[in-house]
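# Tertiary structure, described
Listed below, chain by chain, are the residues.
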Amino acid sequence: MTRIVARCKSAPGEPSSVVVFDLDGTLMDNRPRTLVILQELAQELRAEAHSSAETLFAAKAESLAYLLGDSLRLLGLEHPELVSRAESFWRERFFSDHYLRHDVALAGAVDFARACYEAGAVLVYFTGRDLPLMGLGSFQSLRDLGFPIGVVGTELVCKPDAAIPDEEFKRKEGPLLRRVGRVVAAFDNEPGNCNAFLEMSPEADVVFVDTQHLPGAPPLDDRVQIVRDFRMR
Ligand SMILES: [Mg+2]
């Protein structure tokens, strides 16, 4: 982490150093967002005197899985009707501006992003969230959590359309980061995205943030470094 901050400095006349950060599962833990949504569903179920309401209320952010269906199964909620109702209730809310305020920063993430910024890097928040439904909420959440945003040397890059798969989007748009500067580091919680960054910028420090990721991910390239959070020890 110290080396990456040192790489953020660029000499006059050289292209700017760029540090790329994914948001969900990288800079931010979005499980509190899911928890709030499940509690709202539990309220609705309680009003109907549904037998699963109290089980859902007992859910904890730290025991949520990557996929909602897995989280429900861990709680013992497997009735297909409830699962499909929960999935559509969750999907309508999880991928929307309004609920992004519930996300929390990973340990050390704000300080690390600020350290990179203050050392001279351009920060690019390069997310699989889509611009129409999540762009404004993402900007607001970055600002409210204390990440550098809305100032010279920062960018928020979102997908134009939610239907584009994340890795496809990052592989297509990633090479365009050259117009911002020279990528010195990239952080992501998806092994596939980390491998893609390494292919696009072999000289960069590519870092896998080991939180949660899509099941069935490809093996991580062994040149990718692994951290659990952003604390600089
Ligand atoms: Mg992510």
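Above this text is the structure in question.
Residues numbered from 1 in each chain as written. Predicted model: local features only at pLDDT ≥ 70, side-chain atom pairs only at ≥ 80, totals over all residues.

## Quick look at the overall build of the protein
Each helix and strand counted, the protein has 9 helices and 8 strands in total. Its C-alpha atoms give the protein a radius of gyration of 19 Å, within 12% of the compact-globule value 17 Å for 233 residues. Principal-axis analysis of the C-alpha atoms gives the protein an extent of 65 × 35 × 35 Å. Counting all 233 residues of the protein, 37% fall into the buried class. Nonlocal contacts in the protein, meaning residues at least 24 apart in sequence, comprise 67% of its contacts between residues at least 6 apart. (Helix = DSSP H or I, 4+ residues; strand = E, 2+ residues; numbered from the N terminus. Rg over C-alpha atoms; globule rule 2.2 N^0.38 Å. Buried ≥ 20, exposed ≤ 12 C-beta atoms within 10 Å, placed from the backbone. Contact = placed C-beta atoms within 7 Å.)

## Considering the pairing of strand S1 (residues 17-21)
Of all 5 residues in S1, 5 are buried; the element is thus mostly enclosed. Residues Ser 17, Val 19 and Phe 21 line one face of S1 and the alternating positions Val 18 and Val 20 line the opposite face, and both faces are buried. Pairing of S1 with strand S6 (residues 182-188), which is carried by 5 bridges, proceeds in the parallel orientation. By the bridge assignment, Phe 21 is partnered in S6 with Phe 187. Pairing of S1 with strand S4 (residues 122-130) involves 4 bridges; the strand directions are parallel. When the bridges of S4 are listed, Val 18 appears paired with Val 122. (Pairing = 2+ DSSP bridges.)

Distances and angles like these do not, on their own, reveal function.
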